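Here is what each chain is made of, one letter per residue.
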Amino acid sequence: MSEKINILGTTRAELTEFFEAQGGSQFHAAAVMDCLYKKNIQNLSDVEGLSEKRMAPLLENFQISPLTVVKVQGSEDTTRKYLFQLHDGRYVESVLIPASVAPDGSRSERMTVCVSSQVGCAYGCMFCASGLDGLTRNLSSAEIIGQLSAIKEHSGKNITNVVFMGMGEPLANFKNLNKALDIIIGQWGLAIAPRQVTVSTSGLAPMIKKLADREEQVSLAISLHGADNATRNKIMPVNSKWQIDELFEALQYFKENNHNQRITLEYILIKGVNDSIEQAEMLAERAKNLGGFVNVIPYNTVEGLEWERPSDEHCYTFRDTIKNLGVMTTMRIEKGHDIDAACGQLRLKEMKKDAETV
Ligand code: SAH
Ligand code: SF4
């Protein structure tokens with residue numbers, strides 16, 4: 001018997017096709033989607049509202065293959081990191097991030113999940129744990145949705161925002177990303193507002209244009225980390241393929257195609273590498289021309305990499321330089337940043353443990 005399809009990666013249109021081929025209709029697909037995404041069932045035999053005649057072929061062809069939760073770090077009301085094992089023994093990570101508490105003690109309902117799109121990454125940025133061992137494989141759309149489904153089940157929380165800032169380069173896995181986005185955004189799916197779904201990329205210019213051409217559009221973040229080619233080349237090998245001018249041309253295209261929605265420029269601060277005031281000024285200029293928004297991220301130390309984070313004082317000076325040039329800017333300095341804080345680090349530890357026990 002051929003292997004069953006993991007239904008978490010299936011769109012409503014595909015499931016409708018399946019039922020129609022059996023003499024059923026879109027209503028049967030809608031009933032299944034409702035159980036999957038509104039009730040978050042973890043076993044397909046828990047689908048309700050279908051006759052035996054419709055259930056039998058469904059169970060014969062599909063199953064829900066949940067991801068295995070290996071480890072959870074953090075606790076209720078804090079950032080929680082999840083380490084998952086996939087069916088082939090590989091690991092991926094996701095992070096659940098509640099809204100921070102406002103000065104008046106209130107907290108919004110925002111609940112963000114940071115998902116991975118690949119096992120490892122081919123792009124080898126010099127600051128990043130995810131690219132240390134290169135790319136192992138793409139995640140399927142079912143494995144991307146599986147992260148959200150497992151976190152919903154484990155935490156009991158309602159997810160309001162999704163960011164593709166975990167392991168991997170989402171735009172290098174476009175087909176599966178695209179399908180996962182349809183399921184995340186679909187009213188029949190996870191029903192998360194498109195603006196609250198952010199794809200982060202290291203700068204694959206042609207794919208940024210492809211993302212801009214999607215019918216239902218999402219938000220975009222760019223891992224810039226260097227405001228000129230010389231600086232960016234030192235940090236991100238991808239810049240030798242798509243240099244900054246070509247990248248910003250693609251960003252402009254995205255913006256124009258995307259109702260002028262603001263694009264976030266991510267900028268990790270690494271001591272002595274990209275943290276000069278001159279870079280801050282160039283960055284502000286680029287952000288201004290694009291009408292973008294800058295998120296400054298003090299570098300998280302990664303085991304095996306020698307770079308360091310600048311002093312808090314220097315981070316504030318860098319941020320204020322951009323702010324004073326009239327660009328919207330955010331920066332969060334977290335305590336305990338070096339405890340597996342950056343994406344890819346939990347997985348790295350688990351892989352080492354596995355290697356030691358072999
Ligand atoms: N491949 C995509 C998405 C995943 S990486 C991309 O590059 O945009 C997303 C983000 O992880 C990076 O932009 C960076 O903001 C963060 N990151 C990775 N390593 C980090 C580190 N050592 N310190 C701080 N942030 C890090
Ligand atoms: Fe890959 Fe993004 Fe990490 Fe670069 S920052 S190695 S593109 S995951």
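Residues numbered from 1 in each chain as written. Chains lettered and ligands numbered in written order. Predicted model: local features only at pLDDT ≥ 70, side-chain atom pairs only at ≥ 80, totals over all residues. Heavy atoms only, no water.

**Q** Even after reading the chapter, I still don't get the site of ligand 2, so can you show me in this structure?
**A** Taken together, Cys 121, Tyr 123, Gly 124, Cys 125, Phe 127, Cys 128, Ser 130, Gly 168, Glu 169 and Ser 202 make up all the residues around ligand 2. Its residues placed into classes, the shell around ligand 2 shows five nonpolar, four polar and one charged. (Near = heavy atom within 4 Å. Nonpolar A, V, L, I, M, F, W, Y, C, P; charged D, E, K, R; others polar.)

**Q** Help me understand the pairing of strand S12 (residues 264-269) in this model?
**A** Sheet faces and side chains relate simply in a regular strand, where the side chains alternate between the two faces. Where burial is concerned, most of S12 is hidden: six out of the six residues are buried. Burial of the side chains of S12 extends over both faces: Thr 264, Glu 266 and Ile 268 are buried on one face and Leu 265, Tyr 267 and Leu 269 on the other. Two strands pair when backbone bridges link them, and strand S11 (residues 219-223) and S12 are joined in this way by three bridges, in the parallel orientation. Its bridge partner being in S12, Ala 221 is matched across the sheet by Thr 264. Across six bridges, S12 lies against strand S13 (residues 293-298) in parallel orientation. Of the residues in S13, the one forming a bridge with Tyr 267 is Val 296. Since S12 and S13 lie parallel, the crossover through helix H9 (residues 277-290) that links them has a hand, and here it is right-handed. (Buried < 20%, exposed > 50% of the residue type's maximum accessible area, 1.4 Å probe, protein only. Helix = DSSP H or I, 4+ residues; strand = E, 2+ residues; numbered from the N terminus. Pairing = 2+ DSSP bridges. Right-handed = clockwise from strand over helix to strand, strands pointing away.)

**Q** Whenever I open this one, the site of ligand 1 confuses me. Can you help?
**A** What surrounds ligand 1 is a group of 19 residues, the closest being Phe 127, Gly 168, Ser 200, Ser 223 and Asn 300. Between Gly 168 and ligand 1, the recorded distance is 2.9 Å, taken from a backbone N or O atom to a nitrogen atom. Note that a nitrogen atom of ligand 1 is positioned 3.0 Å from one of the backbone N or O atoms of Asn 300. In isolation ligand 1 offers 540 Å² of accessible surface; the protein chains occlude 93% of this area. Looking at side-chain class alone, the shell around ligand 1 contains ten nonpolar, eight polar and one charged residues. (Polar contact = N/O pair within 3.5 Å; in protein donor to acceptor, adjacent residues only side chain to side chain. Areas by Shrake-Rupley, 256 points an atom, 1.4 Å probe, with all protein chains shown as cover.)

**Q** I keep staring at the nonpolar core and nothing clicks. Help me out?
**A** Most often, soluble globular proteins have nonpolar side chains that are buried together. Counting residues in hydrophobic clusters, the biggest one holds 98 residues, and the most contacted among them are Leu 15, Leu 36, Leu 58, Phe 164, Leu 211, Leu 251 and Leu 265. Those residues in contact with Leu 211 that lie beyond four places of it in its chain are Leu 171, Phe 174, Leu 177, Leu 181, Val 199, Val 218, Leu 220 and Phe 254. (Core = buried A, V, L, I, M, F, W, Y, C linked by side-chain atoms within 4.5 Å. Contact = heavy atoms within 4.5 Å.)

**Q** Any chance you could explain the side chain of Lys 152 here in plain terms?
**A** Relative to the elements of secondary structure, Lys 152 occurs in helix H4 (residues 141-155). In this structure Lys 152 is buried but unpaired, with Glu 153 as the nearest side chain of opposite charge at 9.1 Å. In contact with Lys 152, other than residues within four places in its own chain, are Tyr 37, Asn 40, Lys 157, Ile 159 and Leu 190. (Lys, Arg positive; Asp, Glu negative; His and termini not counted. Salt bridge = Lys/Arg side-chain N within 4 Å of Asp/Glu carboxyl O.)

**Q** Which parts of the structure should I look at to understand the domain arrangement of the protein?
**A** Frequently, the measure chosen for interface size is the accessible area that the parts lose on association. Annotation of the protein at the domain level lists domain 1 (5-63) and domain 2 (68-357). Computed from C-alpha coordinates alone, the two centres of domain 1 and domain 2 are separated by 33 Å. Listed by partner, the interface residues are twelve residues for domain 1 and 14 residues for domain 2. Here domain 1 packs against domain 2, burying approximately 1200 Å² in sum over the two surfaces, 57% of which is carbon and sulfur. The three residues of domain 1 that bury the most area against domain 2 are Leu 8, Tyr 37 and Asn 40, which together make up 43% of that side's buried surface. (Domains from an automatic or database assignment. Buried area = accessible area lost by both parts, 1.4 Å probe.)

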